[in-house]
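Inside the fold
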Protein chains: 2
Amino acid sequence: MPQLGFLHGRAWAALLGQLRRPPGAVCIGAVRSHSQDFDIAGHFDPMIPDAECVKIMCEILSGLQLGDFLIKMSWKDVRHEMVAKRGLAPEVADRIGDYVQCHGGVSLVEDMLQDPELSRNKQALEGLGDLKLLFDYLTLFGIAEKISFDLSLARGLDYYTGVIYEAVLLQTPAQAGEEPLNVGSVAAGGRYDGLVGMFDPKGHTVPCVGLSIGVERIFSIVEQRMKTFGEKIRTTETQVFVATPQKNFLRERLKLIAELWDAGIKAELMYKNNPKLLTQLHYSEDMGIPLVVIIGEQELKEGFIKLRSVASREEVAIKRENLVAEIQKRLSES
Amino acid sequence: MPQLGFLHGRAWAALLGQLRRPPGAVCIGAVRSHSQDFDIAGHFDPMIPDAECVKIMCEILSGLQLGDFLIKMSWKDVRHEMVAKRGLAPEVADRIGDYVQCHGGVSLVEDMLQDPELSRNKQALEGLGDLKLLFDYLTLFGIAEKISFDLSLARGLDYYTGVIYEAVLLQTPAQAGEEPLNVGSVAAGGRYDGLVGMFDPKGHTVPCVGLSIGVERIFSIVEQRMKTFGEKIRTTETQVFVATPQKNFLRERLKLIAELWDAGIKAELMYKNNPKLLTQLHYSEDMGIPLVVIIGEQELKEGFIKLRSVASREEVAIKRENLVAEIQKRLSES
């Protein structure tokens, strides 16, 4: 079950630089209506932040469990960089393009360096240098097999300077009775070294690299998948639901939930004096809350609490004084 | 050391309903420029969501470690509710006011119920009913001692309906050489049952209760305290910094950090090919990162990594294959 609620809290926080802030870098976390961004700004050694951005893109897409994906790099933009900015002869660039067309993956740079014509050309070697560096780092990050070149991809925005990439979901083979999923681009990024300087009154340049996640696009894919597979998405992080079969047991529930809250456990209850037990259990199932504690008159008298696993519907009696420890144990195991 | 970075991720997420979403309730998380809100909307049994809001206010203020605080309830508004809405005779309300003036805390309701004149008055009993309920729940939540009535406090906003409360920081006795801290209101909340209906075309009412945290006010208090006490605030959640004393060791650092990232450990490194070891260690200290792993040529040859505790500056050699487990153990212990 994809836990979007969870990822919303954690993965987006990572995205916006809460979890890993690079040394000396400024993280520009822009919340737009359709996408969410992560950027690394500052002067650093080549391709290190670029590789981290691609890694983060992979982590987010893997974490969201949207299915298989590829990160496609735009060959047209790389060619433009080589020819217009590094002065590589167009025919040499096109020879590189031939390799791109044949291979398209990370091994491509190594293959090209074996080509006598390219490896003897100083400009070609220089032009390939950054790309080789980036692919080296992506290999060290264990994501090389996710990368391929795309001959048709071209930058949509003029402000990109350097490698531009786009993540596309791969179509999974349709199962019987399954609606085909709408796949396509779900994230994009690249380097934009000139943009910040354009807005600086003194024209100071701030090299930047970043990525955008297509939040609405991803939500609609997840929604479509939910419809097709009848999957559920957790919208809360609640770990424990506090229930009772008893009338007039609100005070006991409140006391118990305060104990859980104070122990850092995410718990909730129904804001009703006398909710029905079935309603409480159904709610816990619907919301994907893993544990329910049930307190009644007998339990109260005997100093026990019932702990129910929502998935297995198994119930065990736990001594009240051991309840918090038992819950913490179960949560850490799952 | 107050960990605002941490709370920003966790406590505000709690605030905005990620951690505990009440059954059937809609959480309205409004991000304004100066404050951050938590609200519970929906039809529920009396005073249960109200008590939870006050509890959340206490949890946030305790978590922020701003010093001692009180939650003051506005007597004027409670009196107005009793007289104008429940038809209590003004002189009976003022007799209740005498109690409020004398006691002001949670025991007040019990004291009033001992007063023959009040306990024989049906309207007074009714008027006190909700207040008694709220105070009962706050006692069960273990926060009764944080509550007091304030005779001077009056609602600033007309849309409140019912109990209104405000959290004030208490002045701590000034130490020698210490600038007095600016204290005062840092959070406020209450019930506003009429507001949503005013914006609904069909006039459907949606009872609401909520609270606002004065984020900018709290930030300026924390800043002032930092200046006075020379305290530091962590602005990242980074758990491990990956360092090297060696030149040309970027690839080894990247490989190592990818291992940590893939294990869910929050790690960072310098985006430089050859950073100085001292720079890397200073950075870790400045940022309050608890652990540093140090990899050099010798460690690489012998299959060990140095693990440094930033606080104690102690370093131990750990077998590379045990590094992730050892880091996770240390992090779970701290």
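Note that this is a predicted model, so its numbers are computed, not measured. Sequence order as written defines residue numbering, which begins from 1 separately in each chain. Lettering for chains starts from A, numbering for ligands starts from 1, and both go in the order in which the items are written. For a predicted model such as this one, the threshold for reporting local features is a pLDDT of at least 70, and the threshold for listing and counting side-chain atom pairs is 80 or more; totals across whole chains, interfaces and linings nevertheless cover every residue. Just so you know, side-chain values use all the structure's heavy atoms and leave hydrogens and water out.

Residues and elements named next belong to chain A. Feature annotation in UniProt assigns "binding site: L-histidine" (unreviewed entry) to the following positions: Asp39, Arg155, Tyr159 and Tyr160. Strands are runs of DSSP state E lasting at least two residues, helices are runs of H or I lasting at least four, and both sets are numbered from the N terminus onward. Turning to its location among the elements, Tyr159 is positioned in the loop between β3 (147-150) and β4 (164-169). Contacts: residue pairs with any heavy atoms within 4.5 Å of one another. Here Tyr159 is in contact with Arg191, Tyr192 and Leu195, once residues within four sequence places are set aside. UniProt positions are given in the numbering used here, feature names are shortened, and annotations may be inferred rather than shown by experiment.

Residue and element names in this part refer to chain B. The pairing criterion is simple: DSSP has to find at least two bridges between the two strands. The strand order β8-β7-β9-β10-β11 describes an open sheet built from 5 strands, whose pairing is mixed. Both edges of this open sheet fall to β8 (267-268) and β11 (315-319), since each of them pairs with a single strand only. One ladder, built from 4 bridges, connects strand β9 (residues 291-294) with strand β10 (residues 304-309); its direction is antiparallel. Bridging from a neighbouring strand, Val292 pairs with Arg308 of β10. For helices, the fitted line uses only the C-alpha atoms of the stretch in contact; every axis is such a line through C-alpha atoms, and the angle between N-to-C directions lies from 0 to 180 degrees. On the sheet, helix α10 (residues 250-262) packs against β7 (240-243), β8, β9 and β10 and is oriented at approximately 160° with respect to β7. Across the sheet, helix α11 (residues 277-286) is in contact with β7, β8, β9 and β10; its angle to β7 comes to roughly 175°.

Quick look at the packing of aromatic side chains now. Each pair of aromatic rings taken from Phe, Tyr and Trp, with Trp reduced to its six-membered ring, is defined by centres within 6.5 Å and is described as stacked if the planes are under 30 degrees apart, edge-to-face if over 60, and tilted in the remaining cases. Counting across every chain of the model gives 10 aromatic pairs over all chains. Relative to Tyr283(A), the ring of Phe241(A) has its centre 5.5 Å away and its plane inclined at 50°; by these criteria the two rings are tilted. A residue pair is termed long-range when its members are at least 10 positions apart, and Phe241(A) in strand β7 (residues 240-243) and Tyr283(A) in helix α11 (residues 277-287) qualify at 42 residues. Of the two residues, Phe241(A) and Tyr283(A), both sit in the buried class. Measuring from centroid to centroid gives 5.3 Å for Trp261(A) and Phe141(B), while their planes differ by 55°, and the two rings are tilted. Here Trp261(A), found in helix α10 (residues 250-262), pairs with Phe141(B), found in the loop between α7 (122-140) and β3 (147-150), and the two come from separate chains. Across this residue pair, the class does not change: Trp261(A) and Phe141(B) are buried. In this structure an aromatic cluster arises from ring pairing among Trp75(A), Phe135(A) and Phe149(A). Geometrically, a charge over a ring is one whose NZ (Lys) or CZ (Arg) sits within 6 Å of the ring centre while staying within 35 degrees of the ring normal. In this structure, Lys146(A) packs its charged tip against the face of Phe69(A), placed 4.5 Å from the ring centre. For every residue, the accessible area (1.4 Å probe, protein chains only) is compared with the maximum for its type, and the residue is labelled buried under 20%, exposed over 50%, or partly exposed between those bounds.

Residue and element names in this part refer to chain A. Along α11, the residues that are buried comprise Gln280, Leu281, Tyr283, Ser284 and Met287. An end-on view of α11 places all buried positions within 155° of arc, on one side of the element. Those residues of α11 that are buried are in contact with β7, β8 (267-268), β9 (291-294) and β10 (304-309). Positioned one or two residues after α11, Gly288 has a phi angle of 70°, which is positive. Directions pointing from the helix axis toward each C-beta atom define the arc.

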